[in-house]
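The chain contents come next:
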Amino acid sequence: MVDRSTQARPAGRKDARRNYERLLTTARTAFAEHGVGASLNDIARTAGVGNVTLYRHFPTRQALLEALLGESLRGLKARSDELLASPSPHQALTTWLTAAVEHAMAYRGLVDALVESLADPTSELHTTCQAVKAAGAQLLARAQRTGTIRPDIDASALFSLIASVAWAAERIPAHRDQLLAVMFDGLHHRVDQPA
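Residues numbered from 1 in each chain as written. Predicted model: local features only at pLDDT ≥ 70, side-chain atom pairs only at ≥ 80, totals over all residues. Heavy atoms only, no water.

**Overview of the UniProt feature "domain: HTH tetR-type" (unreviewed entry) in the chain**
In the numbering used here, UniProt assigns the "domain: HTH tetR-type" (unreviewed entry) feature to residues 17–76. Secondary structure over residues 17–76 splits into 82% helix and 0% strand, and the C-alpha atoms at its two ends are 27 Å apart. (UniProt positions renumbered as here; feature names shortened; annotations may be inferred. Helix = DSSP H or I, 4+ residues; strand = E, 2+ residues; numbered from the N terminus.)

**A look at the packing of helix 6 (residues 110–119) against helix 7 (residues 126–145)**
Close contact between helix 6 and helix 7 brings their axes to 8 Å; oriented N to C, the two are set at 95°. Put simply, helix 6 runs roughly perpendicular to helix 7. Here Leu114, Ser117 and Leu118 of helix 6 lie close against helix 7, whose contacting residues are His126, Cys129, Gln130 and Lys133. The residue inventory of the contact of helix 6 with helix 7, partitioned by class, reads three nonpolar, three polar and one charged. (Axes fitted to C-alpha atoms, helices over the stretch in contact; angles between N-to-C directions. Parallel < 35°, antiparallel > 145°, perpendicular 65-115°, else oblique. Contact = heavy atoms within 4.5 Å. Nonpolar A, V, L, I, M, F, W, Y, C, P; charged D, E, K, R; others polar.)

**Overview of the UniProt feature "DNA-binding region" (unreviewed entry) in the chain**
Within this numbering scheme, the UniProt entry marks residues 39–58 as carrying the feature "DNA-binding region" (unreviewed entry). For residues 39–58, helix accounts for 75% and strand for 0%, while the C-alpha atoms at its two ends are 14 Å apart.

**Quick notes on the nonpolar core**
Residues Phe31 and Trp96 are the most contacted members of the largest nonpolar core, which totals 52 residues. Contributions of two or more residues to this core are made by helix 1 (14–34), helix 2 (40–47), helix 4 (61–83), helix 5 (89–104), helix 6, helix 7, helix 8 (155–171) and helix 9 (176–187). Considering every element that reaches this core, the biggest residue donor is helix 4, with eight residues. The residues that make up this core include at least three from each of domain 1 (11–59) and domain 2 (61–187). The contact partners of Trp96, leaving out residues within four places of it in the chain, are Leu76, Arg79, Ser80, Leu83, Val132, Gly136, Leu139, Phe159 and Ile162. (Core = buried A, V, L, I, M, F, W, Y, C linked by side-chain atoms within 4.5 Å. Buried < 20%, exposed > 50% of the residue type's maximum accessible area, 1.4 Å probe, protein only. Domains from an automatic or database assignment.)

**Side note on the packing of helix 5 against helix 8**
Look at helix 5 against helix 8: their axes get within 9 Å of each other, and the N-to-C directions meet at 50°. When the axis of helix 5 is compared with that of helix 8, the two are oblique. Classified by chirality, the crossing of helix 8 by helix 5 is right-handed. Across the interface between the two elements, Leu93, Trp96, Leu97, Ala100, Val101 and Ala104 from helix 5 touch Leu158, Phe159, Ile162, Val165 and Ala166 from helix 8. Here the contact of helix 5 with helix 8 is composed, by residue class, of eleven nonpolar, no polar and no charged. (Left-handed = near helix turned anticlockwise from the far one by under 90°.)

The structure is reproduced here in structure tokens:
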């Protein structure tokens, strides 16, 4: 499997680089307007290139998503690394969870694509999503060691919570903060909770 998590812009001809950038710009707009299921044919047409050019740069929808999201996913992982030095493990986790939910809400339908990528080792986003999951797991374990987060939650359950909150908040954005608060409350370890 090729690791595309550090996929760079194509070297080579100037027109190839220009087409690559136009495709990314057009895809960003199309995904913002229509979600990640936006027509790839429409993206190519709007960018002023043929389908062959689109698929030369991005052989799959996942490859296009990786190009659009790879940097921000790596930024989410980097943010977790910074938060590992925070004096409050609980606050570090909630700060990161808020950022993770926000990221998953970037485009309609993105939550499903990210969840599928975690489960599919052949996906272009898999490696990057796994790194983000591992980073979140570190923050979770650190907060659990302080006794502020329930010990019966693992990284997979945490990512199911992130996906659930993002999915629901994507549909009713006005509920995002309330849904986050409920998630944080549910993660909180109470003294009367069994360990």
